[in-house]
Amino acid sequence: METFGHVIDGEEVQSADGHVFTSIDPYTREPWAQIALGTAVEADLAVRAARKAFDEGPWPRMSAGERRRLIHRFADLIEEHGDELAMADTRDMGKPITQSRGNDVPRTAQNFRFFADHAALTPGEVLPMDSGHHTYTRYDAAGVVVAIAPWNFPMMLESWKVAPALAWGNTVVLKPAEDSPVSATIMARLALEAGIPPGVFNVVHGYGPDSVGSALTEHPLVDRITFTGESNTGKVIARAAAANLVPVSLELGGKGANVVFADADLDNAIAWSIKAIFTNGGQVCLAGSRIYVERPLVDEFVERFTAAAKAMVVGDPKDPKTQIGPMSSGVHYTKVRGYFDSIHESKGKQLTGELGEGWFVTPTVIVEPDRDSAHQREEIFGPIVTITPFDTEEEVVHEVNDSPYGLNAMVFTEDLTRAHRVSARLVVGTVWVNCFFIRDLRAPFGGAKMSGVGREGGSFSREFFTEPKAVVMQM
Ligand code: NAD
């Protein structure tokens, strides 16, 4: 079995107490990699290494152009090692290899390139004042950043945090999810190979509560905490951050609503709706897990959508033909299975979907569940979707907003005025009109309500990962 350590201060190391854990391949349900299991000891070592690299090392004092050069070299190495990184995420959490190789690796490299360029090229502001003074802004690195990541897009979501933090001159301690640890160690090795100095990008492995995760979020030498994961974990992390008055960015759960008006281009709406819920087996914060269809279109939509769902290829995630792999872990399978087994409680009609061997759940469609049912309101994080008819725009806007979550929504219509009007009224961080998943890295990304606090992306990441400063000049 391959072994993977923490990466602290430029060295790949095991835990002081020698403890390890294994990563289980959810397709074979066998361990495939052995990983160092950290404790508060390793969390402390990593934070101190990052602190030293920030206070004494070259990284924050380098020109943004020099950091950009090194981060681009790092991105090149990520692309060169794309097969290895993609297979690591696929074996760790069951993501189809076509998605990890075809989407996550290029997006990871792109995140590093984009934020390196953004930090090097973004101007500050100069504010000539009526009094004759001039004020200008500086965006200096904040310090030591702790990044805590989930398992559903391991390397990609890690890079979404690590890239802007590094590009703006911070040093980082990353804790990947315990279900998907391997790609983080590979990335940290590649960062060193690219010439990023020791201590600048550290990785520690372990669990969340009473382990590495909580030790990092409670550490007094940390300046920023950026977290992606469940809403309830976000609350715990926000409390830990508050104790030290550390700014925290929280990207949390979702219950993406997908609104299809009767004038929509149906082929387009179905194609995106299928991708929106079944990509990565529905284990996507943005998953379009509750679809609302205007009544005149509902029968045709349901028939065609269900046929497309049934046609999806479920199987070994390492096989390029596979579109849906197993659920990411035994624990997560048990959670999703709980929703599957209780579909009758939703009062909706199940049109397709079954439990496969092992940790498989095939695409599952429920029509007209109770609006208060768990299936309609809670984040299932699996390939289970509800379809509900609606009659008016007013009604559907109310339904979409009547949710504890506010991460994203989709609107399918050929009526431009309605597209703008509805987009403005939805209380979410992102609205996609006639599409889904398309991202401009300059745009704000985050959620309203239980879906998060703060935004990342472009200048939003700059605000979070720097200490913006005003310098007021009298001349
Ligand atoms: P999770 O909250 O269980 O775990 C996420 C990370 O937090 C893991 O690394 C875990 O070890 C760590 N953690 C857990 N408890 C902790 C604690 N007390 N202190 C410090 N760290 C702790 O989430 P998950 O199951 O890995 O991921 C799925 C969730 O992530 C879903 O809710 C999904 O919607 C959300 N998510 C959100 C986005 C977004 O951008 N908004 C993106 C992807 C996933």
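These numbers come from a predicted model, not from an experiment. (Residues numbered from 1 in each chain as written. Predicted model: local features only at pLDDT ≥ 70, side-chain atom pairs only at ≥ 80, totals over all residues.)

(A) Looking closely at the overall build of the protein. Within the protein, the secondary structure is distributed over 15 helices and 23 strands. Here the C-alpha atoms of the protein give a radius of gyration of 23 Å, agreeing with the 23 Å that 2.2 N^0.38 yields for 475 residues. Along the first, second and third principal axes, the C-alpha atoms of the protein reach 65 × 65 × 40 Å. When burial is assessed residue by residue, the protein has 53% of its 475 residues classed as buried. Here the analysis covers contacts within the protein between residues at least 6 apart in sequence; of these, 70% occur between residues at least 24 apart. (Helix = DSSP H or I, 4+ residues; strand = E, 2+ residues; numbered from the N terminus. Rg over C-alpha atoms; globule rule 2.2 N^0.38 Å. Buried ≥ 20, exposed ≤ 12 C-beta atoms within 10 Å, placed from the backbone. Contact = placed C-beta atoms within 7 Å.)

(B) Geometry of the site of the ligand. As a structural note, the neighbourhood of the ligand is formed by 31 residues, with Pro150, Gly208, Gly213, Gly229 and Thr233 the closest of them. When residues of the shell around the ligand are traced back to their parent elements, those giving at least two are α7 (212-217) and α8 (231-243). Here the residues of the shell around the ligand sort into 14 nonpolar, 12 polar and 5 charged. When we break the shell around the ligand down by domain, the ones giving at least three residues each are domain 1 (2-252) and domain 2 (257-433). (Near = placed C-beta within 6 Å. Nonpolar A, V, L, I, M, F, W, Y, C, P; charged D, E, K, R; others polar. Domains from an automatic or database assignment.)

(C) Layout of the sheet that holds strand β5 (residues 30-36). Strand order across the open sheet formed by 3 strands is β1-β5-β4, with mixed pairing between neighbours. Each of the sheet's edge strands pairs with one partner strand only, and the pair in question is β1 (2-4) and β4 (20-25). Neighbour to neighbour, the strand axes of the sheet diverge by 35° on average, direction disregarded. Pairing between β1 and β5: 3 bridges, direction parallel. What sits directly across from threonine 3, in β5, is glutamine 34. (Pairing = 2+ DSSP bridges. Axes fitted to C-alpha atoms, helices over the stretch in contact; angles between N-to-C directions.)

(D) Representation of the domain arrangement of the protein in the model. On domain assignment, one finds that the protein holds domain 1 (2-252) and domain 2 (257-433). Just the C-alpha atoms count here: the centres of domain 1 and domain 2 sit 31 Å apart. At the junction of the two partners, domain 1 supplies 15 residues and domain 2 supplies 17 residues. Residue assignment for the side of domain 1 that touches domain 2 shows that the elements contributing at least two residues are α3 (82-93) and α4 (97-121). Sorting elements by how many residues they give to the side of domain 1 that touches domain 2 places α4 first, with 3 residues.

(E) Fine view of unusual backbone geometry. The phi dihedral of aspartate 210 falls on the positive side, at around 50°, and the residue is not glycine. One can find aspartate 210 in the loop between β10 (201-203) and α7. One non-glycine residue, lysine 347, lies in the positive phi region at around 70°. On the secondary structure map, lysine 347 appears in the loop between α11 (330-341) and β15 (349-352).

(F) Examining the pairing of strand β20 (residues 430-433) more closely. Judged by which residues are buried, β20 turns out to be one-sided: Thr430 and Trp432 face inward and are buried, whereas Val431 and Val433, on the alternate face, are not. Alignment of strand β19 (residues 408-412) against β20, held across 4 bridges, turns out to be parallel. By the bridge assignment, valine 411 is partnered in β20 with valine 433. After leaving β19, the chain enters helix α14 (residues 416-425) and then returns to the sheet as β20, a path that is right-handed. (Right-handed = clockwise from strand over helix to strand, strands pointing away.)

(G) Region of the structure containing the nonpolar core. If you look at the biggest cluster of nonpolar residues, it comprises 143 residues, and the most contacted ones within it are Ile78, Val172, Val173, Val259 and Val260. With 9 residues, the single largest contributor to this core is helix α5 (residues 154-167). Split by domain, this core shows at least three residues from each of two domains, domain 1 (2-252) and domain 2 (257-433). Non-local contacts of valine 173, meaning those with residues more than four positions away in its chain, are made with Ala46, Val47, Ala50, Val144, Val146, Asn202, Val204 and Leu216. (Core = buried A, V, L, I, M, F, W, Y, C linked by C-beta atoms within 7 Å.)

(H) Representation of the packing of α4 against α5. At their nearest, the axes of α4 and α5 sit 8 Å apart, and the two run at 15° to each other. For the element pair α4 / α5, the angle class is roughly parallel. Crossing hand, α4 versus α5: right-handed. Every residue of α5 that contacts α4 at Asp104, Arg107, Thr108, Asn111, Phe112, Phe115, Ala116, His118 and Ala119 is listed here: Met155, Met156, Ser159, Trp160, Ala163, Pro164 and Ala167. Of the residues in the contact of α4 with α5, the class split is 10 nonpolar, 4 polar and 2 charged. (Parallel < 35°, antiparallel > 145°, perpendicular 65-115°, else oblique. Left-handed = near helix turned anticlockwise from the far one by under 90°.)

(I) Seen up close, the sheet that holds strand β6 (residues 126-128). An order of β6-β7-β23 is seen for the 3 strands of this open sheet, with the pairing classed as antiparallel. Looking at which strands have only one partner, the edges of the open sheet turn out to be β6 and β23 (466-473). Here the average twist between neighbouring strands, direction ignored, is 20°. Of the pairings in the sheet, the one linking β6 to strand β7 (residues 134-141) comprises 3 bridges and is antiparallel in character. Across the sheet, the residue bridging to leucine 127 is threonine 135, located in β7.

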